[in-house]
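If you want the building blocks of each chain, they are given just below.
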Amino acid sequence: MMFCYTFANGKKLKIYRAVTVDESGRVGEVIKADKKLYIACGDGAIEVFELQEEGGKVMNALSYLNGRKLKVGDLLGE
């Protein structure tokens, strides 16, 4: 299974399914975090559909957002 990863709140966050979207922001910035999860990349942004937090199970983005304190403006990768 292929994935990319970043870090959120000190934990590795594997991203399994995502598509590019026509949005922009600082690299790693959460630009949408309500019913959808958008993260800015070097060129554009991605909408994340499926991910896994370190030590957790694979879940859809909405389930992840419902259980985590991730908000617009947060920077991932730090």
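The structure we're discussing is the one just above.
Worth saying up front: this structure is predicted, and the values here are computed from it rather than measured.

Cut-offs and rules
- Residues numbered from 1 in each chain as written.
- Predicted model: local features only at pLDDT ≥ 70, side-chain atom pairs only at ≥ 80, totals over all residues.
- Heavy atoms only, no water.
- Core = buried A, V, L, I, M, F, W, Y, C linked by side-chain atoms within 4.5 Å.
- Buried < 20%, exposed > 50% of the residue type's maximum accessible area, 1.4 Å probe, protein only.
- Helix = DSSP H or I, 4+ residues; strand = E, 2+ residues; numbered from the N terminus.
- Contact = heavy atoms within 4.5 Å.
- Phe/Tyr/Trp six-rings, centres within 6.5 Å; stacked < 30°, edge-to-face > 60°.
- Lys NZ or Arg CZ within 6 Å of the ring centre and 35° of its normal.

Here we look at the nonpolar core
Generally speaking, soluble globular proteins have nonpolar side chains that are buried together.
Phase 1: In this structure, Leu37, Ile39, Val48, Leu51, Tyr64, Leu70 and Leu76 are the most contacted members of the largest nonpolar core, which totals 15 residues.
Phase 2: Of all elements in the fold, only β2 (11-21), β4 (37-40), β5 (45-53) and α1 (61-67) reach the threshold of two or more residues within this core.
Phase 3: What Leu37 contacts, discounting residues up to four positions off in sequence, is Val30, Lys32, Ile46, Glu47, Val48, Leu51, Ala61, Leu65 and Leu70.

Section: the packing of aromatic side chains
Note on aromatic pairs: each is described by the distance of the centres and the angle between the planes.
Phase 1: Summed over the entire model, instances satisfying the criterion amount to 2 aromatic pairs.
Phase 2: Measuring from ring centre to ring centre gives 5.9 Å for Tyr5 and Phe7, while their planes differ by 90°; the resulting arrangement is edge-to-face.
Phase 3: Classification of Tyr5 by relative accessible area gives partly exposed; the value is 48%.
Phase 4: Overall, the relative accessible area of 34% leaves Phe7 in the partly exposed class.
Phase 5: The ring of Tyr5 is capped by Lys12, whose NZ or CZ atom sits 4.2 Å from the centre of that ring.
Phase 6: Cation over ring: Lys32 sits above Tyr38, and NZ or CZ is 5.2 Å from the ring centre.

By themselves these figures say nothing about function.
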